[in-house]
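# Residue-level structural notes
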Amino acid sequence: MEKVTEILVEAAAEAVEPRFRALAEGEVMEKAPGDLVTVADRDAERIITRRLRELLPVPVVGEEAVAADPALARALLDEPAAWLVDPVDGTKNFVAGEPSYAVMASLVRSGRAVAAWIWQPCSGTAYTAELGAGAWQNGKRLVREQVTTAPESWTGILKSRYFDPPTSHRLLANARALGPLDPGRRAAGIEYPLVATGERDFILYWRTLPWDHAPGSLLITEAGGRSARFDGSPYLPEPPGGTNGLLVAADPDQWETLREILLKGF
């Protein structure tokens, strides 16, 4: 676990942090309309990919590699084991000079995330999780206590951007039964730790790209929370274009209550 953390920290120091608030003209591109990529993303992914394969020689499913060749993501389903890499989670924040970005990786075995790493360079914070062994923040065990407060005090993030307008409107209307909503941080590697550490109680996502959600989902479940599809099935990383919709909560009982509130009428 420590070796992968070192790989992410060193790759960020070499390829990402020197370009933070220092991107030159031509170092920011669009993979698709509104979907940014930078030289930092690509260089960091190359470094991380090479070093992870030296550690465990299995396929590496990197966000930027999949953008160039979508078939690479099939390794998550077809191979006994694969690495998942998000070299700069929160690229728009990174380009804008905002510190809310992260470098992430996870190890998938038989279609399930079994280990996860989130490195937040600007805060110097590392989050790790291992299936059955717990979740950690800079080496300190993370455990979410069971929520005992009333739903109207629960604060969370509702990512409504990718829902169609009627669905988004209904979700926001249902959320009035809860506490104030956080607009989100445009980076899963920043948002998931907010629930794991108790700063927020829940997150509701629609789009669930595997490199964004495998690390955080494992972090939450190993801290005692629940990350599951709207039908209650556990989150499993799969290639883009698969199942969408994900509800993340501080504990399993809270998850059930949140589903009743937020998804009422669906």
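Heads up: these notes are all about the structure in this document. (Residues numbered from 1 in each chain as written. Predicted model: local features only at pLDDT ≥ 70, side-chain atom pairs only at ≥ 80, totals over all residues. Heavy atoms only, no water.)

## What to know about helix H2 (residues 39-55)
Under the 1.5 Å per step criterion, the end-to-end length of H2 is 24 Å for 17 residues, consistent within 8% with the ideal 24 Å. Restricting attention to buried positions, one finds in H2 the residues Val39, Ala40, Asp41, Ala44, Glu45, Ile47, Ile48, Arg51 and Leu52. (Helix = DSSP H or I, 4+ residues; strand = E, 2+ residues; numbered from the N terminus. Expected span 1.5 Å × (residues − 1). Buried < 20%, exposed > 50% of the residue type's maximum accessible area, 1.4 Å probe, protein only.)

## Quick word on the nonpolar core
Burial of nonpolar side chains together is a common tendency in soluble globular proteins. The biggest cluster of nonpolar side chains holds 35 residues, and the ones touching the most others in it are Val61, Leu84, Leu142, Tyr192, Tyr205, Leu219 and Val248. Among all residues touching Leu84, those that are not within four sequence positions of it are Val61, Leu76, Met104, Ala105, Ser106, Val108, Pro210, Trp211, Ala214 and Pro237. Grouped together as the second largest cluster of nonpolar side chains are 29 residues, Leu8, Val16, Leu52 and Val85 included. (Core = buried A, V, L, I, M, F, W, Y, C linked by side-chain atoms within 4.5 Å. Contact = heavy atoms within 4.5 Å.)

## Some points on the environment of Arg74
Secondary-structure assignment places Arg74 in the loop between helix H3 (63-68) and helix H4 (75-78). Residue classification places Arg74 among the partly exposed residues on the basis of a relative accessible area of 43%. Separated by 121 residues in the primary sequence, Arg74 and Val195 place their C-alpha atoms 30 Å from one another.

## A closer look at the sheet that holds strand E11 (residues 181-182)
Reading across from one edge, E11-E10-E12-E14-E13 is the order of the five strands in this open sheet, with mixed pairing throughout. Each having just a single partner strand, E11 and strand E13 (226-228) make up the two edges of the open sheet. As defined by bridge partners, strand E12 (residues 202-205) adjoins strand E14 (residues 246-249) across four bridges and the pair is classed as antiparallel. Directly across from Ile203, in E14, lies its bridge partner Val248. This element, helix H7 (residues 188-196), spans strand E10 (156-158), E12, E13 and E14 of the sheet and lies at about 145° to E12. (Pairing = 2+ DSSP bridges. Axes fitted to C-alpha atoms, helices over the stretch in contact; angles between N-to-C directions.)

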